[in-house]
Amino acid sequence: MTLLLMAAGSGSRYGKLKQFDELGPRGEFLMEFAIYDAIKNGFQQIVIITKAENVSFLQEYLNERLPKNIQLDVLAQELTDLPDGVTFTGERKKPWGTAHAVWAARNVINGPFVVINADDFYGQSAYRNAAAFMNSNGNDDVYALLGYTLKDTLSEHGSVSRGVCKVDGEDLLSVEERLKLIQKEEAIIDEDTGLRFTGDEQASMNFWVCRPSVFDKIESEFRIFLNDDDRIANSELYLPITIQEMLQANEVAVKCIPSGGEWFGVTYASDKEKAMKSLQDKTNEGQYTSPLWD
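Fair warning: this is a prediction, and the values are worked out from it, not measured in the lab.

Novice: Got a minute to help me understand the overall build of the protein chain in this structure?
Specialist: Along the protein chain, the regular secondary structure elements total eight helices and 13 strands. Relative to a compact globule of 294 residues, whose C-alpha radius of gyration would be 19 Å, the protein chain shows 19 Å and is just as compact. When the backbone C-alpha atoms are referred to their principal axes, the protein chain occupies close to 55 × 50 × 40 Å. Counting every position in the protein chain, which comprises 294 residues, the buried fraction comes to 53%. Of the contacts formed within the protein chain by residues at least 6 apart in sequence, a portion of 73% connects residues at least 24 apart. Accessible surface for the protein chain amounts to roughly 13900 Å². Of this, 44% is attributable to carbon and sulfur atoms. Separation between the mean location of the 29 positive side-chain charges and that of the 46 negative ones in the protein chain comes to 3 Å.

What follows is the structure, encoded as structure tokens:
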């Protein structure tokens, strides 16, 4: 089993590259706790997608810490990584998007894999439940999303963007992106649309269980994307949208699995103190060793 971490963001709202902020009791990055939890639950390969300038640093940093039996691949997400026979000569500063970040790992992943954000904490039970799903379900056309209770994913310091799940039993039907969710008295309001939520809905925090078939789908969508000048200028390839297109075309089924644990992120710089306290508390409770790596 493989864990793929997306760590190529710029952290615009946070103020700096939060992927490399020292949040753990001994200065560990948040992504190290995700890697620790994955390894503890039987994951044998760690893949990190980052900016080209960070590849050497992360490779060296993690090689010194991870167990020697764990395969580590640190790869760059680059604008020049295009499908065969395709060229791009225009100007673009932003990466091609999260789907393209996953596609960057196509040559090193051969089996089922989990995709997460490197700057989020997902809880140990999420990795345990994801591993159980992959070990018990070998169908190449069955994916999964680990869901979190919406009210438990908000920030005290401002509105957040969340994918709100529509489900039928265990089956995911859709994920609808809500861009400005904020708690107001007894309800959660999307300030962008005015929609109200109870808070008990399942939310996607971008913890996906994928199969290698996603790589072909991303490449197909990427070719279409690159033929649209407007999308090139103003849009990105998003992994959740790609998976939903596969779902709607009946190319895959997607299960929505409750994570069973706590999520937190560091969207804003003011979230840092809370994140550090949570990691310290979990270490004090014995969930993590300190230092994290022996």
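Picking up where we left off.
Novice: In this structure, what is going on with the pairing of strand E6 (residues 142–149)? I would like to understand it.
Specialist: Looking along a regular strand, one sees the side chains alternate between the two faces of the sheet. Most of E6 is tucked away: seven of the eight residues are buried. By the bridge criterion, five bridges tie E6 to strand E11 (residues 202–210) in an arrangement that is antiparallel. Looking across to E11, one finds that Tyr 148 is bridged to Ala 203.

Novice: Help me understand the layout of surface pockets in this model?
Specialist: The rolling of a water-molecule-sized probe over the atoms marks out the regions of remaining empty space. Looking at the second largest pocket, its volume works out to about 250 Å³. In this structure, the second largest pocket is lined by 18 residues; those nearest its centre are Leu 154, Ser 155, Trp 263, Phe 264 and Lys 274. Looking at the lining of the second largest pocket, the elements that each hand over two or more residues are strand E7 (160–168), strand E13 (264–265) and helix H8 (272–284).

The rules behind these values
- Residues numbered from 1 in each chain as written.
- Predicted model: local features only at pLDDT ≥ 70, side-chain atom pairs only at ≥ 80, totals over all residues.
- Heavy atoms only, no water.
- Helix = DSSP H or I, 4+ residues; strand = E, 2+ residues; numbered from the N terminus.
- Rg over C-alpha atoms; globule rule 2.2 N^0.38 Å.
- Buried < 20%, exposed > 50% of the residue type's maximum accessible area, 1.4 Å probe, protein only.
- Contact = heavy atoms within 4.5 Å.
- Areas by Shrake-Rupley, 256 points an atom, 1.4 Å probe, with all protein chains shown as cover.
- Lys, Arg positive; Asp, Glu negative; His and termini not counted.
- Charge placed at Lys NZ, Arg CZ, Asp CG, Glu CD.
- Pairing = 2+ DSSP bridges.
- 1 Å grid on protein atoms, 1.4 Å probe; cavity = no way out; pocket = protein on both sides within 12 Å on 5 of 7 lines; lining within 4 Å.
- Points joined across faces, edges and corners; volume = space filled by probe spheres on them.

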